[in-house]
Amino acid sequence: MKDGFVKAAALTPKIRVADPKYNKEKICELMFQAAGEGAKVMVFPELCITGYTCGDLFYQELLLKEAGTALLEIAEKTAELDAAVFVGLPVEYQSKLYNAAAVLCRGEVLGLVPKTHIPTYNEFYEQRHFAKGMEDPVEVRLDEKHVVPMGTRLLFSCRQMPGLKIGAEICEDLWAPNPPSIEHAMAGATLMVNLSASDETTGKDIYRRNLVSGQSARLICGYIYCSAGDGESTQDVVYSGHNLIAENGTILAESARFVNESIYTEIDIQRLCEERRRMSTYGRTEKFYRTIEFDLETEETELTRFVDPAPFVPGKKEDRDKRCGEIFMIQAMGLKKRLEHTGSQAAVVGISGGLDSTLALLVTAKAFDLLGRDHKGIVAVTMPGFGTTDRTYENAVSLIRSLGADFREVSIVDAVRIHFRDIGQDEAVHDVTYENGQARERTQILMDIANRLGGMVIGTGDMSELALGWATYNGDHMSMYGVNASVPKTLVRHLVSWYAQTCGDPELERVLSDVLDTPVSPELLPPENGKISQKTEDIVGPYELHDFFLYYVLRFGCPPKKIYRLAQYAFWGIYDNETIKKWLKTFFRRFFSQQFKRSCLPDGPKVGTVAVSPRGDLRMPSDACARIWLDELQELA
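Residues numbered from 1 in each chain as written. Predicted model: local features only at pLDDT ≥ 70, side-chain atom pairs only at ≥ 80, totals over all residues. Heavy atoms only, no water.

**Digging into the sheet that holds strand 18 (residues 406–409)**
Rule in force here: In this scheme, strands are said to pair when DSSP sees at least two bridges between them. Numbering goes from the N terminus for both helices and strands, where a helix is a DSSP run of H or I of at least four residues and a strand is a run of E of at least two. The contact definition used throughout considers only heavy atoms, calling two residues in contact when any of these lie within 4.5 Å. Every axis corresponds to a line fitted to the C-alpha atoms, with the helix fit spanning only the stretch in contact, and the corresponding angles, defined between N-to-C directions, vary from 0 to 180 degrees.
One open sheet holds the five strands; their spatial order is 18-17-16-19-20, and the pairing between them is parallel. Only two strands of the sheet have a single partner each, and these edge strands are strand 18 and strand 20 (481–482). Relative to strand 18, strand 17 (residues 378–382) runs parallel, the two sharing four bridges. In the sheet register, V379 faces strand 18, and the bridge partner there is D406. Packing of helix 8 (residues 355–371) onto the sheet brings it into contact with strand 16 (347–350), strand 17 and strand 19 (456–459), and relative to strand 16 it is tilted by some 165°. Those strands touched by helix 9 (residues 390–403) are strand 17 and strand 18, and its axis lies near 155° from that of strand 18.

**Structural notes on the nonpolar core**
Put simply, the rule reads: Nine residue types can take part in a nonpolar core, namely buried Ala, Val, Leu, Ile, Met, Phe, Trp, Tyr and Cys, and a core is a set of them joined through side-chain atoms within 4.5 Å. Whether a residue is buried, partly exposed or exposed follows from its accessible area with a 1.4 Å probe, protein chains only, as a fraction of its type maximum: under 20%, in between, or over 50%, in that order.
Membership of the largest hydrophobic core comes to 89 residues, with the highest contact counts inside it found for F548, F549, Y552, I563 and F591. Here F548 is in contact with V307, D308, P309, P311, I563, L566, A567, A570 and F571, once residues within four sequence places are set aside.

**Looking at the side chain of T285**
Worth spelling out the cut-off: The term polar contact refers here to a pair of N or O atoms within 3.5 Å; inside protein, the definition further demands a hydrogen-donor-capable atom paired with an acceptor-capable atom, and it admits residues adjacent in sequence only when both atoms are side-chain atoms.
When you line up the elements, T285 lands in the loop between helix 6 (269–278) and strand 15 (290–294). Residue class for T285 comes out buried when judged on its relative accessible area of 15%. Side-chain polar atoms of T285 contact the side chain of E183, separated by 2.6 Å. At a separation of 3.1 Å, a polar atom in the side chain of T285 contacts the main-chain amide nitrogen of K287.

**Let's talk about the packing of helix 17 (residues 560–570) against helix 18 (residues 577–593)**
Selection rule: By the definition adopted for this analysis, an angle is roughly parallel if under 35 degrees, roughly antiparallel if over 145, roughly perpendicular if from 65 to 115, and oblique otherwise. In a left-handed crossing the near helix is turned counterclockwise from the far helix by less than a right angle, and in a right-handed crossing that turn is clockwise. All amino acids are sorted into three groups, where Ala, Val, Leu, Ile, Met, Phe, Trp, Tyr, Cys and Pro are nonpolar, Asp, Glu, Lys and Arg are charged, and the leftover types, Gly among them, are polar.
Two elements in contact, helix 17 and helix 18, have axes separated by 10 Å at closest approach and are oriented at 140°. By the criterion of interaxial angle, the relationship of helix 17 to helix 18 is oblique. Here the hand of the crossing between helix 17 and helix 18 comes out right-handed. Every residue of helix 18 that contacts helix 17 at P560, I563, Y564, A567 and Q568 is listed here: N577, I580, K581, L584 and F588. Of the residues in the contact of helix 17 with helix 18, the class split is seven nonpolar, two polar and one charged.

**What to know about the pairing of strand 10 (residues 191–196)**
What counts here: A clockwise path from the first strand over the helix to the second, with the strands pointing away from the viewer, defines a right-handed crossover.
Most of strand 10 sits out of view: six of its six residues are buried. The two faces of strand 10 match: L191, V193 and L195 on one face and M192, N194 and S196 on the other face are all buried. Examined bridge by bridge, strand 9 (residues 165–170) and strand 10 share five bridges and lie parallel to one another. Its bridge partner being in strand 10, E169 is matched across the sheet by N194. Taken together, strand 10, helix 5 (residues 204–219) and strand 11 (residues 222–227) form a β-α-β motif whose crossover is right-handed.

**With respect to the packing of aromatic side chains**
Short version of the rule: Two rings belonging to Phe, Tyr or Trp (six-membered ring only in the last case) form a pair when the distance between their centres is within 6.5 Å. Interplanar angles under 30 degrees mark stacking, angles over 60 mark edge-to-face geometry, and anything in between is tilted. Whether a charge sits over a ring depends on NZ of Lys or CZ of Arg being within 6 Å of the ring centre and within 35 degrees of the ring normal.
Evaluated as defined, the whole model comprises 25 aromatic pairs. Taken together, a centroid distance of 4.8 Å and an interplanar angle of 45° make the contact between F592 and W629 tilted. Here W629 lies in helix 20 (residues 627–634) and F592 lies in helix 18, a separation of 37 residues in the sequence. You can call F592 buried: its relative accessible area is 8%. Overall, the relative accessible area of 30% leaves W629 in the partly exposed class. Seen from the ring of F368, R373 lies directly overhead, with NZ or CZ sitting 5.6 Å from the centre. Taking NZ or CZ as reference, R598 lies 4.4 Å from the ring centre of F591, over its face.

**Concerning empty space enclosed by the protein**
Operational definition: Cavity means a closed set of points on a 1 Å grid over the protein atoms alone, one where a 1.4 Å probe fits but cannot get out, pocket means an open set with protein on both sides within 12 Å along at least 5 of 7 lines, and lining means a residue has an atom within 4 Å of a point. Grid points are joined across faces, edges and corners, and a volume is the space filled by probe spheres set on the points.
Using the criterion set out here, one finds two cavities of 30 Å³ or more in the structure. Empty space within the largest cavity amounts to approximately 110 Å³. As for the largest cavity, its lining consists of 14 residues, and the residues nearest its centre are G461, L466, D476, H477 and P602. The residue makeup of the lining of the largest cavity, split by class, is six nonpolar, six polar and two charged. Taken together, T12, P13, I15, P45, C48, A228, G229 and E232 form the lining of the second largest cavity.

**Some points on a nonpolar patch on the surface**
As a reminder of what qualifies: Within the patch definition used here, like charges are joined within 9 Å and nonpolar side chains (Val, Leu, Ile, Met, Phe, Trp, Tyr) within 5 Å, considering only residues with over 30% relative accessible area and no salt bridge. Areas reported as accessible are Shrake-Rupley estimates using a 1.4 Å probe. Residue values count occlusion only from the protein chains shown. We define a salt bridge as a side-chain nitrogen of Lys or Arg found within 4 Å of a carboxyl oxygen belonging to Asp or Glu.
On the surface, a nonpolar cluster with roughly 270 Å² of combined accessible area is contributed by V238, F258 and V259. Looking at the element boundaries, V259 is found in the loop between strand 13 (250–254) and strand 14 (263–268).

**With respect to the environment of N194**
As for its position among the elements, N194 is in strand 10. Here the alpha-carbon distance between N194 and V212, two residues 18 residues apart in the chain, equals 9.5 Å. With near-sequence residues (within four places) excluded, N194 lies in contact with V43, E169, I170, C171, L174, Y223, I224, Y225 and C226. In terms of polar contacts, N194 uses its side chain to reach the side chain of Y223, at 2.9 Å.

**Focus on helix 2 (residues 61–77)**
Quick reminder of the rule: In a helix, the anticipated span is given by 1.5 Å times the number of residues less one.
Here helix 2 spans 25 Å end to end across 17 residues, near enough to the 24 Å set by a 1.5 Å rise per residue. Along helix 2, the residues that are buried comprise L63, L64, A67, A70, L71, L72, I74 and A75.

**Side note on the pattern of salt bridges**
Enumeration according to the criterion identifies 48 salt bridges in this entry. With a closest N to O distance of 2.7 Å, E247 and R305 form a salt bridge. With E247 in strand 12 (residues 244–247) and R305 in the loop between strand 15 and helix 7 (317–342), this pair connects stretches of sequence that are 58 residues apart. When sorted by exposure, E247 lands in the same class as R305, which is buried. Between E340 and K336 there is a salt bridge; the shortest N-O distance is 3.4 Å. Separated by four residues within a single helix, E340 and K336 lie in helix 7, roughly one turn from each other. On the accessibility criterion, K336 (18% relative accessible area) is buried.

Purely spatial values, then, with no claim about function.
As structure tokens, this is what we get:
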């Protein structure tokens, strides 16, 4: 439960139709198994105490009585558990039957949520037995000692985790045009449970999966869907026990069908709450809801869900290729519009032989293709300096020639030496002035070439560099349009790799492959034995860590302790805890101190859910204090 995680379970017992005593035992067995797995929210199928397929046996007094007795006995067993349990049964109220979800916790029945939408079409005929659930809660007597509320407008809230508010709906409710979960969410529910008995027909699993993932995305919630399986009557249909757990559009866990498989995963309630906070169109309902509180112990939940070490990069090749194609077109279309609007006669790009300038040149070439212009209008400039190596220089030249751009070379060595003389900088002192003087000289050259040709300078810096402030202010920090400004470094690498694999030009593919193999470096310090001496990741830290940190800071507003914990799972066996902590401190220190560079960024296209443009996603004061974030990191063991 720490850091907002709650472990959820969808549990499908193998029942006997119309045998509540037997079903009670099977439900309890699974409850205790789930408790052993650490589950705090457990969901069972629709009407599982009796079985969904009882038909007209639901009219039998004895079956209803035994179902009520079984419910109270199951509730007593929950006194030994630290969990909220949702289980289905028929409930009688004022001579009507209701298909209900009972909510159990610490030995008590907290409430009953009846089904709203009662299907009577195709193979379903529930209206023969069940009435539509009432919205406003009523009091239902289970026996002489137990009176509990029943109604669709009930929410169940955890005292120890105020963000955990649970709403319940039952099977068909999700299929209807206006599912109760919509109102539940607008009343504050962050986790939906669905007790279902969805029979299996060919292809229905795909539709079911889309419904669950789509509803969790639309409502920004967790969604636990538990369906009936083997054990239900197969007189006319078959139930497969297809269980699903989703979070904000992502299926976190899914059972195999036809095997009654229990599934477990952790739902990040804190993340859902943060996402809702930032979404200004997320409304609230004016309808009255009754909230029933329950208690769970606060303890650290062991994570079994996958924590992606590369959240900006899809794991599957087909998804990654599709993402790269989309991003590349967004970049190119953004630049195409800017070139058209400004009437620029040329696009000027500084080419270093590194990843970022390579991607910028590829995007520029694509924009020119979209405009129907000759690549000779692209002025690709190499500017060798004190740190330039033969490898990067040769790659830059080969890349320019492969794309048919106008190749120009302007050495910055003499100009920088004159500049150093003018300001009194000792060339032997390799300090920040030594480095930034070169970067600003290069930017001056590009700007002046663009002015002379009636063109514009295309920026090459990526989002990871901007997040860390790893750019020279008014040097490589500045351009007239930054095509890479919202592309993180980990994704830049995949974009270049994708282009290499799909370009169909063997020589270009060879050059791009060598660029990918070259260490990331600004090349502002002299080489050692002809090789790059200044490796960016040795100085500021691994970009795969920083991109991970950036994602969870800006996308979900996670505090440092939670990011540290997630990184431990994501990079297990790759980085030790001290290394993660070291670079996380570096990230926060640089992220706050370097905001002034992001506050005056050139225009550039947003390509994903995270961006640092001061005109869009990140309105942050340049003098904000990082103290509380750094203090929290100091508390880490």
